[in-house]
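Next come the chains, spelled out residue by residue.
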Amino acid sequence: MARILTGIQSSGKPHLGNILGAIKPSVQLSKDSDNQSLFFIADLHSLINIKDSKVRNENTLAVAASWIAMGFDYDKNYFYRQSKITEVCELAWYLNCFTPYPMLSNSHSFKDKSDNLSEINSGLFTYPVLMAADILLYDSDIVPVGKDQKQHLEITRDIAKSFNHNYGDTFIVPESKIDKNVQTIPGTDGRKMSKTYDNTIDIFADEKLLKKQIMTIVTDSKGLEDKKNPDSCNIFNIFKLIASESETEKMRKKYIEGGYGYGHAKTHLLNYILELYKDERKLFSELIKNQDHLYSILEKGEKKAKIIARKVLDRVRSKLGY
Ligand code: TRP
């Protein structure tokens, strides 16, 4: 049996990029009966950016509702909020003391934002250590993540090895699992889909907002009659990630033939999403209306997760002589 663990930041309502890049492949993995899955909402990591508790909690609920709507079996597996298993903070401290400073100063998540050091907090700097604690606290074997998290997994492995080297086998050294097919999901402007860039497609948003987002997809200025290159078009590149092969080929042909405008392609993409995610959208909106139910699902998961966390942390404390 392999133990699979992954976390998703509660930095906003999950968008198509999160769904395709993280939630869907993880939910798929969790259906394998040989696996045991631990999925959690990284609501401690989100404190780095979100100080408003109301916003953070709303995001947490939206994340929980989306995973369930996408088919995650929370009864068979583990589903919890990172912040409720406080053991993770204690472990993060221990791991900090095994993390060489340059490993963090060289990490992309820090470097990308380090132009203006006075504007970032130390939480951002030690972010990868908390992430290592998330993973190591639960004896995880496999961690499915997006390509952008690959370096964090390498850091986790290095920290685990360093600890094991000092104190003998304590942690399982986890493997990352990066879905080769869906690596980076392009947003409406062609850059990586991200809330930071305001280029997301929110499949759980109401139809009006969803339509608005799709209509803002950036294209070149070719006219309706012109022949178009599908591979350099953001609409097509998003469509092909969710559509069947035959649907993708149909659209490709229309682009190449001409007489098919970007407006047509956008409308087609919108309708395709509405149909493809019809059931998930319905379930999501039912769940989000019943917060007590969502909280009780999470509390059940937290009770189970805590048992593993406690056991691993006790092992670490005893190795460290505390
Ligand atoms: N940093 C991850 C992200 O931005 C979220 C995350 C936090 C995570 N802890 C984790 C992912 C542990 C995998 C394992 O997507």
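Please read all numbers here as calculations on a predicted model, not as lab measurements.

**Here we look at empty space enclosed by the protein**
If a probe the size of a water molecule is rolled over the atoms, the empty space left behind becomes visible. Applying the stated criterion across every chain yields a total of one cavity of 30 Å³ or more. One number sums up the size of the largest cavity: a volume of about 40 Å³. Residue lining of the largest cavity: Phe40, Tyr80, Gln82, Ile85, Val88, Asp134 and Tyr138, and that is the complete set. Among the residues forming the lining of the largest cavity, the class breakdown is five nonpolar, one polar and one charged.

**Some details on the environment of aspartate 179**
Mapping aspartate 179 onto the fold places it in the loop between strand 5 (175–177) and helix 8 (207–215). Each C-alpha atom, one on aspartate 179 and one on aspartate 189, is 23 Å from the other, the two residues being 10 residues apart in sequence. Among all residues touching aspartate 179, those that are not within four sequence positions of it are Pro25 and Val145.

**Regarding the packing of helix 11 (residues 262–276) against helix 12 (residues 278–289)**
Contact geometry for helix 11 and helix 12: axes closest at 4 Å, N-to-C directions at 65 degrees. Along its contact with helix 11, which presents Leu274, Glu275 and Leu276, the element helix 12 presents Lys278, Glu280 and Arg281. For the contact of helix 11 with helix 12, the class distribution of residues is two nonpolar, no polar and four charged.

**Quick notes on the nonpolar core**
Generally speaking, soluble globular proteins have nonpolar side chains that are buried together. In this structure, Leu16, Phe79, Ile201, Tyr255, Leu269, Ile273 and Tyr277 are the most contacted members of the largest nonpolar core, which totals 50 residues. Considering each element in turn, this core owes the most residues, eight residues, to helix 2 (residues 53–69). Counting residues domain by domain, this core receives three or more from each of domain 1 (2–184 + 291–320) and domain 2 (205–276). In this view, tyrosine 277 contacts Leu16, Ile19, Leu20, Met70, Ile203 and Ile242; residues no more than four positions away in its chain are not counted.

**Digging into the domain arrangement of the protein**
Taken domain by domain, the protein holds domain 1 (2–184 + 291–320) and domain 2 (205–276). For domain 1 and domain 2, the distance between their C-alpha centres works out to 34 Å. In this assembly, four residues from domain 1 lie in contact with four residues from domain 2. Summed over both partners, the interface of domain 1 with domain 2 buries about 310 Å², with 85% contributed by carbon and sulfur atoms. Across the domain 1-domain 2 interface, the total number found is zero salt bridges. Applying the counting rule to domain 1 against domain 2 returns zero residue pairs in polar contact (both at pLDDT 80 or more).

Cut-offs applied
For every chain, the first residue of its written sequence is number 1, and the numbers climb from 1 along that sequence. For this predicted model, a pLDDT threshold of at least 70 governs which residues receive local features, and a threshold of 80 or more governs which side-chain atom pairs are given and counted, while totals over whole chains, interfaces and linings are taken from all residues. Hydrogen atoms and water are omitted, and side-chain values are computed over all heavy atoms in the structure. Space inside and on the surface of the protein is sampled on a 1 Å grid over the protein atoms alone, with a cavity defined as a set of points where a 1.4 Å probe fits but cannot get out and a pocket as an open set with protein on both sides within 12 Å along at least 5 of 7 lines; lining residues have an atom within 4 Å of a point. Grid points are joined across faces, edges and corners, and a volume is the space filled by probe spheres set on the points. Residue classes follow a fixed rule: Ala, Val, Leu, Ile, Met, Phe, Trp, Tyr, Cys and Pro count as nonpolar, while Asp, Glu, Lys and Arg count as charged, and any other residue, Gly among them, counts as polar. A helix here means a DSSP run of H or I that spans at least four residues, while a strand means a run of E at least two residues long, and both kinds are numbered starting from the N terminus. Every residue pair with non-hydrogen atoms within 4.5 Å of one another is taken to be in contact. Whenever a helix is involved, its axis is fitted only over the stretch in contact; in every case the axis is a line through C-alpha atoms, and angles between N-to-C directions fall within 0 to 180 degrees. Put simply, buried Ala, Val, Leu, Ile, Met, Phe, Trp, Tyr and Cys residues joined by side-chain atoms within 4.5 Å make one nonpolar core. The classification of residues rests on relative accessible area computed with a 1.4 Å probe and restricted to protein chains. Under 20% of the type maximum is buried, over 50% is exposed, and intermediate values are partly exposed. A domain assignment, automatic or from a database, supplies the domain bounds used here. Put simply, buried area is the surface a 1.4 Å probe can reach on two separate parts but cannot reach once they are joined, added for both. Any Lys or Arg side-chain nitrogen found within 4 Å of a carboxyl oxygen on Asp or Glu counts as a salt bridge. Pairing of N or O atoms within 3.5 Å defines a polar contact, subject to two protein rules: one partner must be a possible hydrogen donor and the other a possible acceptor, and residues neighboring in sequence count only if both atoms are side-chain atoms.

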